[in-house]
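One-letter residues, chain by chain:
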Amino acid sequence: MSSAPDNNQVNEIRRVDPEKLAAVKAKPDYLRTDDDNALIALAEQLEEEDMFSGSTVFAAPQNSGKQHRLSPRKRGAIAISVAALITAAAVAVVMFCLPEAETDDTSSVNETIPVISVEQSGVEQISVSNGNGEFTIYPSDSESETDEITWLAKGYEDITFLGLDSVAEYACSLRALKILPASDEDIYGLSEPKSTVTVEQKNGKDYTITVGGLSPDQSGNYVTVTGIDGVYLVDKYNMYNFTSALGDMIETASMEPFVPDGDNDEYFTNGSIAMVDKLIFGGTCRPARIVIENPPEEMSVLNYIVTEPTYQAANGDNIDSLLSNFTTGLANSGAFVLRCTDSDLKQYGLDNPYSTVYCKVNKNTVTLKFGKAVDGYYPFTVNDGDIIYKLSADANEWVAYQTADLLYESLYIENVTTLSSVTLSFDGKDYGFKLSPKEDANGSTSLNCTRTDGVKIDDSEFKKLYERIISFTAQETADDGVPNKTPYLTITVKHIDGSVKDSVITFTEYSARRYYYQLNGQGNSLVSSQQIDDVTENTVKVWNGEQITRRTQLTY
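Read on for an overview of the structure. Source: prediction; values computed, not measured.

## What about the overall build of the chain?
No. 1: The secondary structure content of the chain amounts to 10 helices and 33 strands.
No. 2: The 556 residues of the chain split such that 44% are buried.
No. 3: Residue pairs at least 24 apart in sequence account for 59% of intrachain contacts in the chain once pairs closer than 6 positions are excluded.
No. 4: Taken as a whole, the chain presents about 28,900 Å² of accessible surface, with 45% of it coming from carbon and sulfur.

Listed below in structure tokens is the structure:
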């Protein structure tokens, strides 16, 4: 029988964290250090001397110098408690700590239990296999300015991923919420694991993490580690990178952002796109392609104009919203495929795209191709690259925009303060109005409107007439071309800036209820005859110095 430990040794054991002792006992033999073995031997010796009433370190008595005899009932209660603690100690907190790794002497950090702690610098590679595929990561050989390790995905070194450092972090330094006893019955979902993670180390001491099912309260996954007894409950968010596809960890920016070409690039205002050279929408979701361009000078108030399949002012709000994606790099939600083949393109409908978007802004260009949405995501490629990205369908309605979504409500729009004259010609007569906009000290602009023969016109009445001119809206479009007739109504708009081309708007009778609209000989929109009648009737009233009646709701 070994000699009893002295008081200094007893006090040393009492200072030992019970979880640390349990962790040392749980280590595989080949991982125990001399200090570990000495600690275990000392604890066993204390237990043999019964200095802790049948326990090792969990219920050490306080030595007061007095001896008290406990009643049988109290002794029975203590025995039950001690037995429960010893059972718990058998599956208590363990720490997979290789000899060269630092030992964590604390029992918990943020109320979690240490399970694995190895240095990332000693890892050769980490392989992950789950229901979404397999991938392997390894540390880059390139030196960084910091001590942080850069992790690369084997076979995809040219692609930037955002979650690889998290894979390495949790594979090398895993902490658990709690520890549970092993069970012959597979109540933890480990026989069909969600993921297995194998860590290969330079010292040859490899290990595998097996990720099982979720706990009933959905707080974490059940996890086991080779060489360590017990089953651990690990926060499910820490397991996300183990159970995800590699494509889900891809960098969120799908393309190079559009940037100004120097400080004086007129295409940008405060970093945002202000105009485009070309914005073309195509694909099977549209009956005809839609083309948007910079407006001509005579429509200077506009940023964009639709030139196909009609000719009309563009909806600047919708276009600005979709163009913002190009200044940020178009954020994806992951990738369906990282190295796509012709078969992949066909599978995701990219061989005959559902939608295509081409954009040119000065020196910036991009071509996007989209397939039909799959599980809420559009598959898409950038400039025919070999990555098939994911884009949220709900958050990106612009992918399937139709012509109506890209048109401004009014067919013609121009600020009246930029105009020198407006002439309306119909029924064989010209009604010309000269304008001399002037701004007063308060910033308000008056038109000083006169007829071409010099008769003064009430400014407010002409403004009401001009509001009708810029309120012409298309009811539908016609594909058979403008009728071979003389236009019934022609509106000629001249600008104060003489270098700006005149705008000529014509309305040609198409049917009993429709007129064919064209701006400078372009367009195929049809306008209600009631809109034409409303403008012509009130033109005569303004010319004669009469007040325009309150505008009634037109029926089309």
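## Describing the sheet that holds strand β29 (residues 476-477)
No. 1: Taken in spatial order, the eight strands make up an open sheet running β28-β25-β24-β30-β31-β32-β33-β29, and their pairing is antiparallel. The strands lining the two open edges of the sheet, one partner per strand, are β28 (450-451) and β29.
No. 2: Here strand β25 (residues 429-434) pairs with β28 via two bridges, running antiparallel. Paired with Phe-433 across the two strands is Arg-451, which belongs to β28.
No. 3: Each of β24 (419-426), β25 and β30 (489-495) touches helix α9 (residues 459-469); the most contacted strand, β24, lies at about 70° to it.
No. 4: Lying over the sheet, helix α10 (residues 529-543) contacts β24, β25, β28, β30, β31 (503-509), β32 (514-519) and β33 (522-528), oriented at roughly 65° with respect to β25.

## Structural notes on the environment of Phe-472
No. 1: Its place among the elements puts Phe-472 in the loop between α9 and β29.
No. 2: The contact partners of Phe-472, leaving out residues within four places of it in the chain, are Glu-409, Ser-410, Leu-411, Ile-491, Phe-507, Val-527, Gln-531, Ile-532 and Val-535.

## Let's talk about the pairing of strand β16 (residues 290-293)
No. 1: Here strand β15 (residues 278-282) pairs with β16 via three bridges, running antiparallel. The residue of β16 that forms the bridge with Leu-279 is Ile-292.
No. 2: Two strands pair when backbone bridges link them, and β16 and strand β17 (residues 305-308) are joined in this way by three bridges, in the antiparallel orientation. In the sheet register, Ile-292 faces β17, and the bridge partner there is Val-306.

## Here's the deal with helix α7 (residues 316-328)
No. 1: Between its terminal C-alpha atoms α7 stretches 19 Å, which fits the 18 Å expected from 13 residues at 1.5 Å a residue.
No. 2: Buried residues of α7: Ile-319, Leu-322, Leu-323, Asn-325 and Phe-326, and no others.
No. 3: Of the surrounding secondary structure, the elements contacted by the buried residues of α7 are β14 (272-273), β15, β16, β20 (355-361) and β21 (364-370).
No. 4: The backbone nitrogen of Asp-317 has a side-chain oxygen 3.2 Å away, supplied by the residue at the start of α7, namely Asn-315.
No. 5: One or two residues past the end of α7 sits Gly-329, with phi positive at roughly 95°.

## Looking at the pattern of salt bridges
No. 1: Taken as a whole and judged by the stated rule, the model has 14 salt bridges.
No. 2: Across the pair Asp-534 and Arg-468 runs a salt bridge, and its minimum N-O distance is 2.9 Å. Of this pair, Asp-534 sits in helix α10 while Arg-468 sits in helix α9, and the two are 66 residues apart along the sequence.
No. 3: Using a relative accessible area of 13% as the deciding quantity, one classes Asp-534 as buried.
No. 4: A salt bridge links Asp-502 to Lys-494; the nearest nitrogen and oxygen atoms lie 2.8 Å apart.
No. 5: A residue is classified by how much of its surface remains accessible, and Lys-494, at 37% relative accessible area, is partly exposed.
No. 6: The structure contains a network of salt bridges with shared partners spanning Asp-158, Arg-339 and Asp-386.

## Digging into the environment of Gln-120
No. 1: Examined against the element boundaries, Gln-120 turns out to sit in the loop between β3 (116-117) and β4 (123-130).
No. 2: Under the relative-accessibility criterion, Gln-120 is labelled partly exposed at 23%.
No. 3: For the pair Gln-120 and Ala-171, spaced 51 residues apart in sequence, the C-alpha to C-alpha distance is 9.0 Å.
No. 4: Those residues in contact with Gln-120 that sit more than four places away from it in its chain are Ile-149, Trp-151, Ala-168, Glu-169 and Cys-172.

## Re the sheet that holds β20
No. 1: Ordered in space as β18-β17-β16-β15-β20-β21-β22-β23-β19, the nine strands form an open sheet in which the pairing is antiparallel. Edge strands, defined here as strands with exactly one partner in the open sheet, are β18 (312-313) and β19 (335-337).
No. 2: As judged from the four bridges shared by strand β22 (residues 377-382) and strand β23 (residues 388-392), these two strands associate in the antiparallel manner. Residue pairing across strands places Pro-379 opposite Lys-390, the latter belonging to β23.

## Topic: the packing of aromatic side chains
Each aromatic ring pair is characterised by the separation of its centres together with the angle its planes make.
No. 1: One pass over the structure, following the stated rule, counts 18 aromatic pairs.
No. 2: Centroid distance Phe-433 to Phe-462: 5.3 Å. Interplanar angle 45°. Geometry classified as tilted. Of this pair, Phe-433 sits in strand β25 while Phe-462 sits in helix α9, and the two are 29 residues apart along the sequence. Neither residue differs from the other here; Phe-433 and Phe-462 are each classed as buried.
No. 3: Here the aromatic cluster, defined as three or more aromatic residues joined through ring pairs, consists of Phe-258, Phe-326, Tyr-354, Phe-370, Tyr-378, Phe-380, Tyr-389 and Trp-398.
No. 4: Residue placement shows Arg-451 over the ring face of Trp-543; its charged tip is 4.3 Å from the ring centre.

## Quick word on α10
Residues three or four positions apart in an α-helix share a direction because the helix packs 3.6 residues into each turn.
No. 1: With 15 residues, α10 should cover 21 Å at 1.5 Å per step; its first-to-last C-alpha distance of 21 Å lies within 8% of that length.
No. 2: The complete set of buried residues in α10 reads Ser-529, Gln-531, Ile-532, Asp-534, Val-535, Thr-536, Asn-538, Thr-539, Val-542 and Trp-543.
No. 3: Downstream of α10 by one or two residues, Gly-545 has phi in the positive range, about 80°.

## Some details on a negative patch on the surface
No. 1: Residues Asp-147, Glu-148, Asp-165 and Glu-169 make up a contiguous surface patch of negative charge.
No. 2: As for its placement among the helices and strands, Asp-165 is situated in helix α5 (residues 164-172).
No. 3: The exposure class assigned to Asp-165 is partly exposed, which follows from its relative accessible area of 44%.

## A word on the nonpolar core
General note: in soluble globular proteins, nonpolar side chains tend to be found buried as a group.
No. 1: Residues Ile-126, Ile-209, Leu-279, Leu-323, Phe-326 and Trp-398 are the most contacted members of the largest nonpolar core, which totals 76 residues.
No. 2: Considering every element that reaches this core, the biggest residue donor is α5, with six residues.
No. 3: Those residues in contact with Trp-398 that lie beyond four places of it in its chain are Phe-281, Arg-286, Leu-322, Asn-325, Leu-330, Val-357, Leu-368, Phe-370 and Leu-391.
No. 4: Ranked by size, the runner-up nonpolar core spans 38 residues in total, among them Val-422, Cys-449, Leu-489 and Ile-532.

The rules behind these values
- Within every chain, residues take consecutive numbers counted from 1 along the sequence as written.
- Where local features are concerned, this predicted model is filtered to residues with pLDDT of at least 70; where side-chain atom pairs are given and counted, the filter is 80 or more; whole-chain, interface and lining totals use all residues.
- Hydrogens are left out, water is left out, and the side-chain values use all remaining heavy atoms of the structure.
- Counting from the N terminus, the helices are the DSSP runs of H or I reaching at least four residues and the strands are the DSSP runs of E reaching at least two.
- Relative accessibility thresholds used throughout: buried, under 20% of the residue-type maximum; exposed, over 50%; partly exposed, between the two (1.4 Å probe, protein chains only).
- Any two residues having at least one pair of non-hydrogen atoms within 4.5 Å are treated as being in contact.
- In this description, accessible areas are obtained by the Shrake-Rupley approach with a 1.4 Å probe, and a residue is regarded as covered only by the protein chains that are shown.
- Two strands form a pair only when DSSP identifies at least two bridges running between them.
- Inter-axis angles, ranging from 0 to 180 degrees, are taken between N-to-C directions of lines fitted to C-alpha atoms, where helices are fitted over the stretch in contact.
- One fewer than the residue count of a helix, multiplied by 1.5 Å, yields its expected span.
- Distance and chemistry together define a polar contact, namely a pair of N or O atoms within 3.5 Å, with one atom able to donate a hydrogen and the other to accept it when in protein, and with adjacent residues in sequence counting only for side-chain atoms on both sides.
- Salt bridge criterion: a side-chain nitrogen from Lys or Arg within 4 Å of a carboxyl oxygen from Asp or Glu.
- Here a Phe, Tyr or Trp ring, Trp counted by its six-membered ring, pairs with any other such ring whose centre lies within 6.5 Å, and the pair is stacked when the planes are under 30 degrees apart, edge-to-face when over 60, and tilted otherwise.
- Two thresholds decide whether a charge sits over a ring: the Lys NZ or Arg CZ must be within 6 Å of the ring centre and within 35 degrees of the ring normal.
- In this analysis, a patch consists of residues with relative accessible area above 30% that form no salt bridge, clustered at 9 Å for like charges and at 5 Å for the nonpolar side chains Val, Leu, Ile, Met, Phe, Trp and Tyr.
- Just so you know, the count uses Lys and Arg for positive and Asp and Glu for negative, and it drops His and the chain ends.
- Note on charges: their place is set at NZ of Lys, CZ of Arg, CG of Asp or CD of Glu.
- To qualify as a nonpolar core, a set must consist of buried Ala, Val, Leu, Ile, Met, Phe, Trp, Tyr and Cys residues joined through side-chain atoms within 4.5 Å.

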